[in-house]
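# Inside the fold
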Amino acid sequence: LPQDQQTEAVCNRVESSFLEDDSQNWNVQSGIYTGGDTMLNGLQQAGLPLAILSNKPQDFTVACVEQMLSNWQFSPVLGARSGIAKKPDPVGAMEIAKRLDIAPSEILYLGDTATDMETANRAGMYPVGAAWGFRTVEELRESGAAKIIHTPEALLELL
């Protein structure tokens, strides 16, 4: 095979191997962030609806919620679905607003990436950056976070 085809074949095998391993071990060192349970308990006790929007595949997103977040009621739980644009396109966020029958401007969107902040802003929701998550405070701020919180419990204080 020519060099570029050999490289592509190796990359495909590596990707396939990774995806197989990840599908079996994604939760080995995964868990809820410290304070996340307190935050979710407080939100649920306040009677606030909880929803999830992810760019991860729908089946994986639902399985993750069922395994890691089964103590709380999330509805809807939306992952990547065929024919639906992924974040930062606001279509998924707008679908959540519609299903909850809540105006987007009345929804607080908590996220830990620039993609989340852009999605919230494009949907007309209130973007709150989670500084304990995946990206830096600077990235969250630069991408449009209206507020940045440093612990999950701080969301309860913000509300």
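Shown above is the structure to which this text applies.
Residues numbered from 1 in each chain as written. Predicted model: local features only at pLDDT ≥ 70, side-chain atom pairs only at ≥ 80, totals over all residues. Heavy atoms only, no water.

### Here's the deal with the side chain of Thr119
Positionally, Thr119 belongs in helix α5 (residues 114-123). For Thr119, the contacting residues outside a window of four places in its chain are Leu53, Lys87, Pro88, Asp89, Pro90, Ala93 and Tyr109. (Helix = DSSP H or I, 4+ residues; strand = E, 2+ residues; numbered from the N terminus. Contact = heavy atoms within 4.5 Å.)

### A look at unusual backbone geometry
Leaving glycine out, the prevailing phi sign among residues is negative, and the prevailing peptide bond configuration is trans. Following Ser75, the chain continues to Pro76 via a peptide bond in cis, the omega torsion being 5°. Mapped onto the fold, Pro76 is located in strand β2 (residues 74-80). Phi at Asp101 takes a positive value of approximately 55°, unusual for a residue other than glycine. Looking at the secondary structure, you find Asp101 in the loop between α4 (91-100) and β3 (108-111). Overall, Asp101 belongs to the exposed group, its relative accessible area being 72%. (Buried < 20%, exposed > 50% of the residue type's maximum accessible area, 1.4 Å probe, protein only.)

### Some points on the pattern of salt bridges
When the charged atoms of two side chains lie near each other, side chains of opposite charge can form a pair. Counting across every chain of the model gives 5 salt bridges. Here Glu139 ties to Arg135 by a salt bridge, and the two come within 3.6 Å at their closest N and O atoms. For Glu139, a relative accessible area of 24% translates into the label partly exposed. Where salt bridges share partners, they join Arg81, Glu95 and Arg99 into one cluster. (Salt bridge = Lys/Arg side-chain N within 4 Å of Asp/Glu carboxyl O.)

### Here's the deal with the sheet that holds β3
Backbone-to-backbone hydrogen bonds pair the strands of a sheet. The strands run either parallel or antiparallel. Taken in spatial order, the 3 strands make up an open sheet running β3-β4-β5, and their pairing is parallel. With partners counted over all chains shown, the strands left at the sheet margins are β3 and β5 (147-149), one partner each. Ignoring strand direction, the axes of neighbouring strands in this sheet form an average angle of 30°. With 4 bridges connecting them, β3 and strand β4 (residues 126-130) associate as parallel partners. The residue bridging Gly111 from the neighbouring strand is Gly129, located in β4. Lying on the sheet, α5 is in contact with β3 and β4; it crosses β3 at an angle near 165°. (Pairing = 2+ DSSP bridges. Axes fitted to C-alpha atoms, helices over the stretch in contact; angles between N-to-C directions.)

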